Amino acid sequence: MLDINIIRQQPEEIIAMLHKRQLSSDEPRVTELLAFDLKRKEMVQRSDDQKALRNKVSKEIAEIKKSGKGSAEDLILHMKSVSEDIATMDTELGRLEEDIENILLGLPNKLHPSVPTGRSAEDNQLFKEPVTFVHHLDFPVKNHLELGKSLKILDFERGAKICGAGFPVYTGKGARLERALINFMLDYHSEHHGYTEVFPPFMVNQESLRGTGQWPKFADQVYHINEDNLYAIPTAEVPVTNLHRGEMLDNKSLPISYAAYSACFRREAGSYGKDTRGFLRVHQFNKVEMVKFTRPEESYEALEQIRENAEAILTALKIPYRVLLLCSGDISANAAKCYDIEVWSPAEEKYLEASSCSNFEDYQARRANIRFKPDGKSKPEFVHTLNGSGLATSRLMVSLLEHYQTPEGNIKVPDVLRHYTRFDEITQAAE
């Protein structure tokens, strides 16, 4: 959530940011917000004046009653009218503040100056040239669907029978390979990158979604359980960031770094017509998430660390990838700056997003009220929050299966995973 003081002081810059994000249609909301804010300020002043008058006259009434001289009836009647006016104003103030908060909750984050201007994903900038590894694919390659079916390690048909398209089933050595990926990534981030492992709930309340920016703006993307008013998490970012909702963090504890595995659930509303085959677009997938809480002056260094931590996983797995810096028209509403890390699919002959690494600055912390008290300062400040996929397994699995296939249609297991799988290859005979 943006600081309303910034909008008051720099409305032109906020409007320019909306245009840069291709959200010019939101400009009237800034004008409306400022009008509501001015009205709220005037009403607070009137309410305060009336309350001061009530306090003053109440003392006069008490003195008249104490002295027994004269009648206070007229003053009492007048104060009754004043109290009714105050109650009416307080009710209207409550509605105004709710309207102001609703607009603030819907406005996107400021953009870091290094974010390139662009209209869509086509304008994203190549931040890091493709990193390649030797994979001898000098034969007709199969895609992940063909490999999964022939080796009996993936079953999308039965997943669709159970609950509909977009819910994959891993079987046999496919299930163990998926589990190996998750365990490897958690161990790697904990042992090499200093993250504390967290195993969070997969359901959250609405306040948690609000704290990280998925509510109300992206309410149509989350699965809702009406009876309990709980939501299936779209990413572990939500429960992990909310671990410290409403807390004052110890300055000496910063930065705080967490790594968490979770299943992720996304309705993918509005994705119709896009490529939905296999793992290319699913409603449930697995992901290891990295989350950081930092001091403001350290957050952009932390963003580079998160990006490098995600890249380290791909380097260890020897999966070809590239890094993009997202442009203003493609970056998420919550992020001030974001990198996408994409893995190469030889069968699809294109890059597939496997990780996003974002700095939200104080946008989430302001919504979730996560603060710290800097050394030498008496006033608390909001922390900066960051996260990055480290990584999502679905599209990573696409690239892994396709790059590690053999001419016979088997799958070699990457060296770093063999400790976890307890086998070196998935063959046609696998059950």
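Going by the structure above, here's the rest.
Presented here is an overview of the structure given in this document. Keep in mind the model is a prediction, meaning the values are calculated, not measured.

1. Considering the overall build of the chain
Within the chain, the regular secondary structure consists of 13 helices and 16 strands. Taking the principal axes of the C-alpha coordinates as reference, the chain spans close to 105 × 45 × 45 Å. Within the chain, buried positions represent 49% of all 431 residues. Of the roughly 20,600 Å² of accessible surface on the chain, 49% is carried by carbon and sulfur atoms.

2. Thoughts on the environment of V30
You can see V30 is positioned in helix α3 (residues 27–67). Sequence separation of V30 and I7 is 23 residues, and the distance between their C-alpha atoms is 7.9 Å. The contact partners of V30, leaving out residues within four places of it in the chain, are I7, I14, I15, L18 and L107.

3. Some thoughts on the environment of F285
Considering the arrangement of structural elements, one finds F285 in strand β8 (residues 284–294). When its relative accessible area of 10% is taken as the criterion, F285 is described as buried. The sequence separation of F285 and G166 amounts to 119 residues, and the corresponding C-alpha distance is 9.0 Å. With near-sequence residues (within four places) excluded, F285 lies in contact with P234, S262, A263, C264, R266, A392 and S394.

4. Examining the environment of D330
Tracing the backbone through its elements, the reader meets D330 in the loop between β9 (321–325) and β10 (337–345). The exposure class of D330 is partly exposed, given its relative accessible area of 31%. Along the chain, D330 and S120 lie 210 residues apart, while their C-alpha atoms are 5.1 Å from each other. Beyond its immediate chain neighbours, meaning those up to four positions away, D330 contacts S120, A121 and N124. Within the structure, D330 has its side chain in polar contact with the side chain of N124 (distance 2.9 Å).

5. Re the pattern of salt bridges
Taken as a whole, this structure holds 24 salt bridges when the rule is applied. As a salt-bridge pair, E381 and K377 come within 3.1 Å of each other at their nearest N and O atoms. Given a relative accessible area of 27%, E381 falls into the partly exposed group. You can call K377 partly exposed: its relative accessible area is 47%. Residues D424 and R418 are paired through a salt bridge, measuring 3.9 Å at the closest nitrogen-oxygen approach. A relative accessible area of 27% means that R418 is categorised as partly exposed.

Cut-off values and rules
Residues numbered from 1 in each chain as written. Predicted model: local features only at pLDDT ≥ 70, side-chain atom pairs only at ≥ 80, totals over all residues. Heavy atoms only, no water. Helix = DSSP H or I, 4+ residues; strand = E, 2+ residues; numbered from the N terminus. Buried < 20%, exposed > 50% of the residue type's maximum accessible area, 1.4 Å probe, protein only. Areas by Shrake-Rupley, 256 points an atom, 1.4 Å probe, with all protein chains shown as cover. Contact = heavy atoms within 4.5 Å. Polar contact = N/O pair within 3.5 Å; in protein donor to acceptor, adjacent residues only side chain to side chain. Salt bridge = Lys/Arg side-chain N within 4 Å of Asp/Glu carboxyl O.

Functional significance is not addressed by these values, which are geometric in nature.
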